[in-house]
Amino acid sequence: MVKDKHYKGSDLRWITITTLLLAIGVILRIISPNVGGISLNWNIVMYSTAILLCRPSLRQGFGIGLVSGIIATMTSKAALPYANLISDPAAAFVCALLAGTHFLDIKIGRVRLEPVLVIFITTFISGGVFVTLTKVILSLPMPLYLYAMMPAVLLVAALGSIAGQLLYFPAAKIFNDDNTLNKKPFILHDINLTVPKGSFFIITGVNGSGKTTLLLSMAGVRPSYFGGFENSSIHIGEFDVLKENPALLNRKIGVVMADYEAQLVTETVDDEIAFSLENTGMAPQDIIKKRNDVLKKTGLENMGKRKVASLSGGQKQRLVIAAVLAMDTPVLVLDEPVAAVDPEGAKEIYSLLYKLNKEYGKTIIVAEHDLKYVLDMKAQMAVIDKAYLKFAGEMDECFKYMYENKVYPEVIPLRWKIRWEMEKNIC
Amino acid sequence: MTANNDMTGFAALTKLLMALTVSVASLCTTDLYALGILIILELICAVIMGGGKTLWKGIGALVIFAVILAFIQLIFSTPLFLSLGSAYKMFIMAVSLLILVATTPTQTITASLVKQCRLPYDYAFMITAVLRFVPDLLKESKEVRQAQACRGFHPSKNPVRRIVDYMMILKPMVFKAISRSENMAISLSLRGFADKGKRTFMSSTKLHTSDYTVLLLNLCICVAAVKYF
Amino acid sequence: MLNLKNISFSYAGREKIFDNIDLQIDTSLITAIAGRNGTGKTTLTRLIMGLVKAKAGTVELDGKIISDMPSYTLAKYIGYVFQNPDHQLFASTVYEETAYAPSKLGMNAEQIKKNVSQALADTGLSTKQNFMPQTLSLGDKQRLSIASSLAAAPKLLILDEPTSGQDCRERTVLLRLMRKLNKEGIGIILVTHDMDILAEHADRVVVLADKKIAFNGTPRGLFADTEKTTAFGLELPEAARISNEIGLGLCLTPRELYKKLAERRKSNDSK
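Rules and cut-offs
Residues numbered from 1 in each chain as written. Chains lettered and ligands numbered in written order. Predicted model: local features only at pLDDT ≥ 70, side-chain atom pairs only at ≥ 80, totals over all residues. Heavy atoms only, no water. Helix = DSSP H or I, 4+ residues; strand = E, 2+ residues; numbered from the N terminus. Rg over C-alpha atoms; globule rule 2.2 N^0.38 Å. Buried < 20%, exposed > 50% of the residue type's maximum accessible area, 1.4 Å probe, protein only. Contact = heavy atoms within 4.5 Å. Areas by Shrake-Rupley, 256 points an atom, 1.4 Å probe, with all protein chains shown as cover. Phe/Tyr/Trp six-rings, centres within 6.5 Å; stacked < 30°, edge-to-face > 60°. Lys NZ or Arg CZ within 6 Å of the ring centre and 35° of its normal. Salt bridge = Lys/Arg side-chain N within 4 Å of Asp/Glu carboxyl O.

Caption draft 1: Up close: the overall build of chain B. Assigned secondary structure in chain B consists of eight helices and zero strands. Seen in sequence order, chain B has helices and strands lined up from the N terminus as α-α-α-α-α-α-α-α. Relative to the globule expectation of 17 Å for 229 residues, the C-alpha radius of gyration of chain B, 22 Å, shows a markedly less compact shape. Dimensions along the principal axes, computed over C-alpha positions, put chain B at roughly 65 × 55 × 25 Å. Expressed as a percentage of its 229 residues, the buried residues of chain B come to 59%. For chain B, the share of sequence-separated contacts (at least 6 apart) that also reach a separation of at least 24 residues comes to 77%. Counting every atom, chain B has about 9400 Å² of accessible surface; 69% of that belongs to carbon and sulfur.

Caption draft 2: Representation of the packing of aromatic side chains. Tallied over the full model, the rule gives 19 aromatic pairs over all chains. Measuring from ring centre to ring centre gives 5.5 Å for Trp416 of chain A and Trp420 of chain A, while their planes differ by 15°; the resulting arrangement is stacked. Separated by four residues within a single helix, Trp416 of chain A and Trp420 of chain A lie in helix α14 (residues 414-423), roughly one turn from each other. One exposure class covers both Trp416 of chain A and Trp420 of chain A, and it is buried. With a centroid separation of 4.7 Å and 55° between ring planes, the pair formed by Phe125 of chain B and Phe193 of chain B is classed as tilted. With Phe125 of chain B in helix α6 (residues 121-149) and Phe193 of chain B in the loop between α7 (159-190) and α8 (209-228), this residue pair connects regions lying 68 residues apart in the sequence. Taken individually, Phe125 of chain B and Phe193 of chain B each receive the classification buried, so the pair is uniform in this respect. Aromatic ring contacts, followed pair by pair, group Phe275 of chain A together with Tyr121, Phe125, Phe193 and Phe201 of chain B into a single cluster. A cation over an aromatic ring shows up here: Lys297 of chain A above the ring of Tyr360 of chain A, its NZ or CZ 4.3 Å from the ring centre. In this structure, Lys406 of chain A is placed above the aromatic ring of Tyr403 of chain A, and the distance from its NZ or CZ to the ring centre is 5.5 Å.

Caption draft 3: The pattern of salt bridges, seen in detail. Under the definition given, this model contains 42 salt bridges over all chains. Measuring nitrogen to oxygen at the nearest pair gives 2.8 Å for the salt bridge that ties Arg191 of chain B to Glu272 of chain A. Here Arg191 of chain B is found in the loop between α7 and α8, whereas its partner Glu272 of chain A is found in helix α9 (residues 269-279) on a different chain. Salt bridges sharing partners connect three or more residues here, namely Lys347 and Arg415 of chain A together with Glu235, Glu238, Arg241 and Glu245 of chain C.

Everything listed here is a matter of geometry and, on its own, says nothing about what the molecule does.
Written as structure tokens, this is what we have:
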């Protein structure tokens, strides 16, 4: 087993899950039903759930609260915005403390009560601190505080804790199942694959055959759902993917996944490209130059100021490609890049990839089912079936192999089949 | 939320410090004239910073809220000047930060928080990323609601039942977020997010002479207002 | 029979999507809705389902006006399967997921049980009824969302791009299921931009263009006119393109293409 010196998705998971859940919290505040005029503070339910799922350190917990407080300040016209900046961090800190020590992980009968207790306490602290600060700063009358504000806090805490209890267990099941989804000892076996420099390489196989894992392995990613490598080596040119410093890896290989939404993390197109480059410490004037260059290559010029959320699916996927292109890697790996894109967008993406391959000499590796877009290209192809690599070589040869051995024959384009069968006089 | 470009040229930090000064000043006095001057000062700032529609809409909403707040206190038989005073204070503090967020792009605010206020980058990233996902998730929540309506879902009239029913909308979204978070984490690490230490920021956070001038002016007016009334 | 009369529709503050359209859909058949992006394919089906309300006009199902019914009532008659199954799966087991619609629509326990086991059997998910929906493969998830609509025993099923994201094997299974359901008497409305699927599986095709119904007929009628097809922003199915190229006349499906090829070979042999 190669032991863990490498990128692990899960290292950043506490950040990504909190981000997404807080975003849901923000919109729930807008759209959720309210009970007698009091709406639930979904932000608290959401970050408590995130903290219960990830059990982060106290420092991280405090930070999560701070983020939630700042977000609340930025998105709502709160009466006392400063109060959020104190109440949320305090509550999230306590939440992380309770979650980290498993202090309230108690059962009555078969029901685990941790979520309902933790979320009740967290919401109560947050709300309590908030209304107390409001009362003191605005010198509100005591009866208002005692008979209206505090009861409201209790009610919100009670409702929030019910919601959290209902939500947490299935969420935890998915969260943890994700980590151990494949109980098979190996997802891939005995893969020997050489991708020639500058080639257009297609990997096909049914869903679940191991395509994604293969692609991510090439990039040195070890998502938390697979354990590690055994007696394996991966090289890009001279670069040893499994042994070298992983920080250098993103200069060698760029990865585009099917779910474009998950890969876009900033508000505008310009910021998205800049994000990768800022991470590498590039100077701002170089970033601007590079950015103009990749936006032009991907046909997104003049869209720099557009909000990411306003783009179509095809445009979003092209933006992901542009952000990866900005890193100037010689190799580009794409996992079903058109799976969530309409046919017009799909055609544009494939002609872009073809151009990147032909004109800019990028080595392109794509996992794909829909081979009509690539049939007329000069490409190499490999087919994976049940964790084994069955064949790799020229696309034509690969089709021949799949046809004759009935390996995922459904994917072979009709045009190729007819051509072949007519040649062989079968039809 | 932000929509506009940084058209004023004032740094995010300047706006933040001005907001803090004016808020602290409002806490130091109970005099209605002093508070009135602070409100006028803020409104002038709002004009100079040029927040556009978002800002003025927000201010409008806060005016209504301030009136309600004063009214509630009167019901609890608080003297008029105290009721008005706390309504003024609430308005001052809420507007001070509203000016900052309505006139500055999120990226600039977070860059300033990281570079000048020592917020670790992980958290600043989370702030911008949350705001990026809000519109897309809003669309998604609509889809979910429609999909569930096609299976007979409609919110109940009983308020507690409504919260339970609401799980129908919430659960698919949270589940999707959980599986998405894995891909997002992989993508982040591949884009060099975890390489700490050498990050640059495109947004300029530097303070110029104009920044120092308005900061000083703002401070003087605040001190004077608190001191002489 | 589904009857749309004088329907006009636009989203708030935007240009009209439909301008006074009339459409009849035979609910015993598989009807495909096609058209360029932005012509309102999905909007049309959402209109039928009552998810969006038309500015003017009525929708009737078997002579009953349904355009004033809310979607959650309409679920008894029409099942609507969204493109992305992740947008609706919420329960902790496959069984519970499937039982939601019939229980919400007020069926009794016995009926629910019967409908659910029938729906799960139809969709091939009987053996997985205790699985957590989230852990299924994409193909299974999509069939589960079909099962959860079927359990309400609708007369009509609307499928919005049901094959997107699936591999070729899952796709075949799904399309076979669609045909089986149609044979059992459930009408199908299929929104798709895959012309191969449309040519092979649809009995009728409705093409939307310029805020109108631009075509309503058989797939063969549509694809026979290549110029018109292209003008609608549609492509010929792959089988038709190949058969045109090798001079076999119009073939809509691979099967038809093979049959024609075999005939040609036979006649060549006998010469």
